[in-house]
Amino acid sequence: MVGTKAPPSLLYMVKQVELVVRSRLDELVRPAGITALQYTSLTVLERHDGLSAAQLARDSFVTAQSIADLVRSLENRGLVRRERNPRNRRELMILLTDEGRELLAHYAQQVRDLEERMIRDLTAHQTDQFRQALSKAWHALS
């Protein structure tokens with residue numbers, strides 16, 4: 001049909017959501033002197049403490065090359081520490097410090113509020129479907 005525009009692709013829409021979430025999260029955590037990517041890495045460590053740099057990079061959606069700078073910055077701020085892995089002395093584990101846990105606790109409600117704002121026009125059922133759909137999409141591409 002002439003004049004009818006095709007809807008934007010799902011890939012484009014997912015990227016739009018990712019960019020606006022990252023921007024809002026950056027605004028939210030800027031007073032703490034960290035970025036949204038650093039915050040994400042801290043939340044990954046909160047769920048799975050003691051990861052290698054490679055594991056943290058994968059779970060935080062950053063490249064292996066950029067994780068070194070990210071971890072060094074968080075370590076300099078006292079939010080993470082590195083320790084030798086007792087099972088593999090060549091590997092360093094990255095651990096969340098008490099200061100890192102306090103920072104996450106400080107921002108937890110504001111981050112929940114941001115997520116609630118994102119889904120406020122969805123029912124509980126739609127939110128569950130959205131979560132499942134995103135999970136399936138991620139698994140399909142992983």
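Residues numbered from 1 in each chain as written. Predicted model: local features only at pLDDT ≥ 70, side-chain atom pairs only at ≥ 80, totals over all residues. Heavy atoms only, no water.

**Observations concerning the confidence of the model for the protein chain**
Next, step 1: When the pLDDT values of the protein chain are averaged, the result is 94; 99% of them are 70 or greater.
Next, step 2: Looking at the elements of the protein chain, mean pLDDT is at its lowest for strand β2 (residues 88-96), recorded as 89, and at its highest for helix α5 (residues 98-119), recorded as 97. (pLDDT = per-residue confidence, 0-100. Helix = DSSP H or I, 4+ residues; strand = E, 2+ residues; numbered from the N terminus.)

**Here we look at helix α1 (residues 10-29)**
Next, step 1: Its 20 residues place the ends of α1 28 Å apart at the C-alpha level, agreeing with the 28 Å of an ideal helix rising 1.5 Å per residue.
Next, step 2: Buried residues belonging to α1 abut α2 (36-47) and α5. (Expected span 1.5 Å × (residues − 1). Contact = heavy atoms within 4.5 Å.)

**Points about the pattern of salt bridges**
Next, step 1: Summed over all chains, the structure comprises seven salt bridges.
Next, step 2: Put simply, R101 and D49 hold a salt bridge, and the shortest N to O gap is 2.9 Å. Here R101, found in helix α5, pairs with D49, found in the loop between α2 and α3 (53-60); they are 52 residues apart in sequence, far enough to count as distant.
Next, step 3: A salt bridge links E115 to R131; its shortest N-O distance comes to 3.9 Å. In this pair, E115 sits in helix α5 while R131 sits in helix α6 (residues 124-141), placing the two residues 16 residues apart along the sequence.
Next, step 4: For E115, a relative accessible area of 39% gives the class partly exposed.
Next, step 5: By relative accessible area, which is 51% here, R131 ends up exposed. (Salt bridge = Lys/Arg side-chain N within 4 Å of Asp/Glu carboxyl O. Buried < 20%, exposed > 50% of the residue type's maximum accessible area, 1.4 Å probe, protein only.)

**Looking at the nonpolar core**
Next, step 1: Residues I34, Y39, L42, L56, V80 and L103 are the most contacted members of the largest nonpolar core, which totals 26 residues.
Next, step 2: Ranked by the residues each element gives to this core, the list is headed by α2, at five residues. (Core = buried A, V, L, I, M, F, W, Y, C linked by side-chain atoms within 4.5 Å.)

**With respect to unusual backbone geometry**
Next, step 1: Unusually for a residue other than glycine, F61 sits at a positive phi of about 65 degrees.
Next, step 2: Looking at where F61 falls in the secondary structure, it is placed in the loop between α3 and α4 (64-76).
Next, step 3: Assessed through its relative accessible area of 63%, F61 is described here as exposed.

**Here we look at the environment of V17**
Next, step 1: Relative to the assigned elements, V17 resides in helix α1.
Next, step 2: Remark: the alpha-carbon pair of V17 and M118, spanning 101 residues in sequence, is separated by 9.1 Å.

**Concerning the packing of α1 against α5**
Two quantities define a packed helix pair, namely the angle between the axes and the distance from one axis to the other.
Next, step 1: Relative to each other, α1 and α5 sit at 150 degrees, their axes nearing to 11 Å. When the axis of α1 is compared with that of α5, the two are roughly antiparallel. The way α1 lies across α5 gives a crossing that is right-handed. Contact with α1, carried on its side by V17, V21, R24, L25, L28 and V29, involves Y107, Q110, V111, L114, R117 and M118 of α5 and no other residues of that element. (Axes fitted to C-alpha atoms, helices over the stretch in contact; angles between N-to-C directions. Parallel < 35°, antiparallel > 145°, perpendicular 65-115°, else oblique. Left-handed = near helix turned anticlockwise from the far one by under 90°.)

**So, the layout of surface pockets**
Next, step 1: Taken as a whole, the largest pocket encloses approximately 2,100 Å³ of empty space.
Next, step 2: Taken together, 38 residues line the largest pocket, and the ones lying closest to its centre are E18, V21, F61, M118 and L134.
Next, step 3: For the lining of the largest pocket, the secondary structure elements donating two or more residues are α1, α2, α5 and α6.
Next, step 4: Of the pockets and cavities examined, the second largest pocket occupies roughly 180 Å³.
Next, step 5: Every residue lining the second largest pocket is listed: V17, V20, V21, R24, L114, R117 and M118. (1 Å grid on protein atoms, 1.4 Å probe; cavity = no way out; pocket = protein on both sides within 12 Å on 5 of 7 lines; lining within 4 Å. Points joined across faces, edges and corners; volume = space filled by probe spheres on them.)

**Notes on the environment of V62**
Next, step 1: With respect to the helices and strands, the residue V62 is situated in the loop between α3 and α4.
Next, step 2: Residues V62 and A108, 46 residues apart in the sequence, show an inter-C-alpha distance of 22 Å.
Next, step 3: Among residues more than four places away in sequence, those in contact with V62 are L37, A57 and I67.

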